[in-house]
Amino acid sequence: MDRRRVLAGIVATPLAAAPLAASVAAAGPALAAAAPTAGGERRRSTLVIGHRGASGYRPEHTLASYELAARLGADFVEPDLVPTKDGVLVCRHEPEIGGTTNVADHPEFAGRKKTASLDGVATTGWFTEDFTLAELKTLRAKERLPEVRQENTLYDGLFEVPTFTEVLDLRARLSKELGREIGVYPETKHPTYFAKAGLPLEQRLVDTLNRYGLNRRDAAVFVQSFETTNLAQLRKLGLRTSVVQLLSAEGAPFDLVAAGDKRTYADLVTPAGLRAIAAYANAIGPDKLQVIPKAADGTLGRPTSLVADAHAAGLVLHPYTFRAENTFLPADYRRGTSANDFGRAIDEQVAYLKAGIDGLFTDQADIGVLARAVAAGQSIAATQPSPRSAT
Ligand code: G3P
Ligand code: CA
């Protein structure tokens, strides 16, 4: 999928079609072996990362979504970070907030609507950099994909746009209550765009992690970016946590595009490219199709060499994004007739886990936890947390 379309959110497919710091730990062995938490620390489990929280069950990037992900068993929750006009890091997938909040229903903000060039793509809407935190807090989140996730629209209008610090407070509280540490996996969104807007993310992120005592090599924190330059910059600013270079099946990091550097994501995933990434990152976050692409007929194909290549470079892999609805599954993993019904999502994830990935981003953390147990040959508890029982 074109990264630009991903930037705009999630693109459902019809049912019918379907720079640079300390290198980390040695390559992670495959399934159910040790995968790192942070800074080379290793744990006896593959990581389940709650993508935008539990966005399969609640409007994404809300405290309700993050809390549900943790209660469903996620090891980490994933806030995407963008800044407000007054420089506060808040959780949204992109600067434009018309798709995930009710800002269009606020006449007092009608004049803020604009068209901006977002990583070279003309984008029309309302942008976080034009709102103070106090103004953003008057808005309420809504479901991004109401036609796919109709049930989630039940929660439209209930939840605020959270700040990053609210997420850190939540994860501390839940870690105590649940008796296991809930990690945080923040992504710096559009670093070049926000630097140009005079609102760079990097120092703010390092300062916040310092303030919370989380800027440690052994903290349960992974900092991710689709760009490359800002990850190196974060190291220079003193970031000590694990770092993840996000990758895409198409296109190029926008920092490289903006600098006239011709390298693309395809160059970054070569063995030489991966060795260069390992100079500053601990992990890669590829599109899952870079690990196992689809065959020409839309069915799940055969694994590429990416797992072996990344492990050989000393990097672990946390591919994105595993979603249970038929529309997001390979043709041979769909079930029933509705594009929005759940298909054989556990089986799909087991296939990837058996290919040797070290963790996965998923919108439905409970399914990730189940798939991990199945793939490891572990027994499944009689009572599983479910989106309806967990809160
Ligand atoms: O960050 C990895 C995963 O979240 C994919 O990116 O933010 O476009 O959903 P995103
Ligand atoms: Ca993300």
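Scroll up a little and you will see the structure.
Everything numeric in this text was worked out from a predicted model, so none of it was measured.

Student: Lay out the overall build of the protein in plain terms, naming residues and giving numbers.
Tutor: Each helix and strand counted, the protein has 13 helices and 15 strands in total. Buried positions account for 51% of the 391 residues belonging to the protein.

Student: For the packing of helix 12 (residues 345–354) against helix 13 (residues 365–375), give the residues involved together with the corresponding values.
Tutor: With their axes 8 Å apart at the nearest point, helix 12 and helix 13 run at an angle of 55° to one another. Accordingly, the angle class assigned to the pair helix 12 and helix 13 is oblique. Read as a crossing pair, helix 12 and helix 13 show a hand that is right-handed. Taking contact as the criterion, the partners of A345, I346, Q349, V350, L353 and K354 in helix 12 are, on helix 13, I367, G368, L370, A371, R372, V374 and A375. Classifying every residue of the contact of helix 12 with helix 13 by side-chain character gives 9 nonpolar, 2 polar and 2 charged.

Student: Pulling in residues and values, what's your account of the nonpolar core?
Tutor: By size, the foremost hydrophobic cluster in this structure holds 95 residues, and its most contacted members are A69, A74, V77, L315 and L317. With residues near it in sequence (within four places) discarded, A69 still touches G50, G53, A54, A74, V77 and A365.

Student: Kindly report on the sheet that holds strand 4 (residues 76–78), identifying the contributing residues and their values.
Tutor: Hydrogen bonds between backbone atoms are what pair the strands of a sheet, whose relative direction is either parallel or antiparallel. Sheet architecture is open: 4 strands sit in the order 9-4-3-15, paired in parallel fashion. The open sheet is flanked by strand 9 (183–184) and strand 15 (359–362), the only strands paired with a single partner. One ladder, built from 2 bridges, connects strand 4 with strand 9; its direction is parallel. Paired with F76 across the strands is G183, a residue of strand 9. In the packing of helix 13 onto the sheet, contacts are made with strand 3 (47–51) and strand 15, and the angle to strand 3 comes to roughly 165°.

Student: I'd like to hear about the pairing of strand 12 (residues 242–246), residue by residue, with values.
Tutor: Most of strand 12 is tucked away, with 5 of its 5 residues classed as buried. Both strand 11 (residues 222–225) and strand 12 contribute to a ladder of 4 bridges, which runs parallel. The partner of Q224 across the bridge, within strand 12, is V244. Note that the unit made of strand 11, helix 7 (residues 229–236) and strand 12 has a crossover that is right-handed. Sheet topology places strand 12 next to strand 13 (residues 283–285); 3 bridges connect them, and they run parallel. Looking at strand 13, one finds that L246 is bridged to G285.

Student: Any details on the pairing of strand 5 (residues 80–83)? Residues and values, ideally.
Tutor: Of the two faces of strand 5, both are covered, the one formed by D80 and V82 as well as the one formed by L81 and P83. Relative to strand 10 (residues 187–188), strand 5 runs parallel, the two being bridged by 2 bridges. Among the inter-strand pairings, L81 is bridged to a residue of strand 10, identified as T188. Strand direction decides the pairing type here: strand 5 and strand 6 (residues 89–91), joined by 3 bridges, are antiparallel. The residue bridging P83 from the neighbouring strand is L89, located in strand 6. The turn linking strand 5 back onto strand 6 is made up of 5 residues, and G87 within it adopts a positive phi angle of 80°.

Reading guide: rules and limits
- Residues numbered from 1 in each chain as written.
- Chains lettered and ligands numbered in written order.
- Predicted model: local features only at pLDDT ≥ 70, side-chain atom pairs only at ≥ 80, totals over all residues.
- Helix = DSSP H or I, 4+ residues; strand = E, 2+ residues; numbered from the N terminus.
- Buried ≥ 20, exposed ≤ 12 C-beta atoms within 10 Å, placed from the backbone.
- Axes fitted to C-alpha atoms, helices over the stretch in contact; angles between N-to-C directions.
- Parallel < 35°, antiparallel > 145°, perpendicular 65-115°, else oblique.
- Left-handed = near helix turned anticlockwise from the far one by under 90°.
- Contact = placed C-beta atoms within 7 Å.
- Nonpolar A, V, L, I, M, F, W, Y, C, P; charged D, E, K, R; others polar.
- Core = buried A, V, L, I, M, F, W, Y, C linked by C-beta atoms within 7 Å.
- Pairing = 2+ DSSP bridges.
- Right-handed = clockwise from strand over helix to strand, strands pointing away.

Nothing here speaks to function; it is all geometry.
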